[in-house]
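# Observations on the three-dimensional arrangement
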Amino acid sequence: MGFHVRDRSTGPAREFERTYGLRYPSIHDPDGTLLLAFPPALLNPQAIPSTLVIDRQGRIAVAVSGPVTRARLEPLVDRVAGEAE
C-alpha cells in the first residue's frame, strides 16, 4: 500500500503509479495523519520513501526505510509469502 503525502491533489500520484506500473493500493494522505499513526520505529515519516511488507495476519513483517530496489525487496516478500499461516 502506498501513502501519498507530498501533493494536495491526487494527479501527480496517479501519474507516478501509471508511469511505473504500480499495482498496489494507494492512499491519498496529504496532511500525513495516517502516516503519523504508524509507530516511528516501523515507519519513520522522515524516511520517505519507506516500504512495509505485510504478512498474512496483517502484521508488519518487514520495514525498509529509504529507497529499495526490486532485487532487495523480492527476497523479503518471498520470505514473508512463504511463511506458514
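Please refer to the structure placed before this passage.
Overview of the structure. (Residues numbered from 1 in each chain as written. Predicted model: local features only at pLDDT ≥ 70, side-chain atom pairs only at ≥ 80, totals over all residues. Heavy atoms only, no water.)

## Structural notes on the side chain of Asp55
Assignment of secondary structure puts Asp55 in the loop between strand S3 (50-54) and strand S4 (60-65). The exposure class of Asp55 is buried, given its relative accessible area of 10%. A polar atom in the side chain of Asp55 sits 2.8 Å from the backbone nitrogen of Arg59. (Helix = DSSP H or I, 4+ residues; strand = E, 2+ residues; numbered from the N terminus. Buried < 20%, exposed > 50% of the residue type's maximum accessible area, 1.4 Å probe, protein only. Polar contact = N/O pair within 3.5 Å; in protein donor to acceptor, adjacent residues only side chain to side chain.)

## Quick notes on the pairing of S3
Residues Thr51 and Val53 of S3 are buried on one face, while the alternating residues Ser50, Leu52 and Ile54, pointing to the opposite face, are not. As paired strands, S3 and S4 are joined by five bridges and run antiparallel to one another. Its bridge partner lying in S4, Val53 is registered against Val62. Here S3 folds back onto S4 in antiparallel fashion, the turn holding five residues, of which Gly58 has a positive phi close to 85°. (Pairing = 2+ DSSP bridges.)

## Some thoughts on the packing of aromatic side chains
Each aromatic ring pair is specified by the distance between its two centres and by the angle formed by the two planes. Per the counting criterion, the structure on display carries two aromatic pairs. Ring plane angle 85° and centroid distance 5.7 Å describe the contact between Phe3 and Phe38, whose orientation is recorded as edge-to-face. Pair noted here: Phe3 is in strand S1 (residues 2-4) and Phe38 is in the loop between helix H2 (33-36) and S3, with a separation of 35 residues, a long-range link. A relative accessible area of 24% means that Phe3 is categorised as partly exposed. The exposure class of Phe38 is partly exposed, given its relative accessible area of 24%. (Phe/Tyr/Trp six-rings, centres within 6.5 Å; stacked < 30°, edge-to-face > 60°.)

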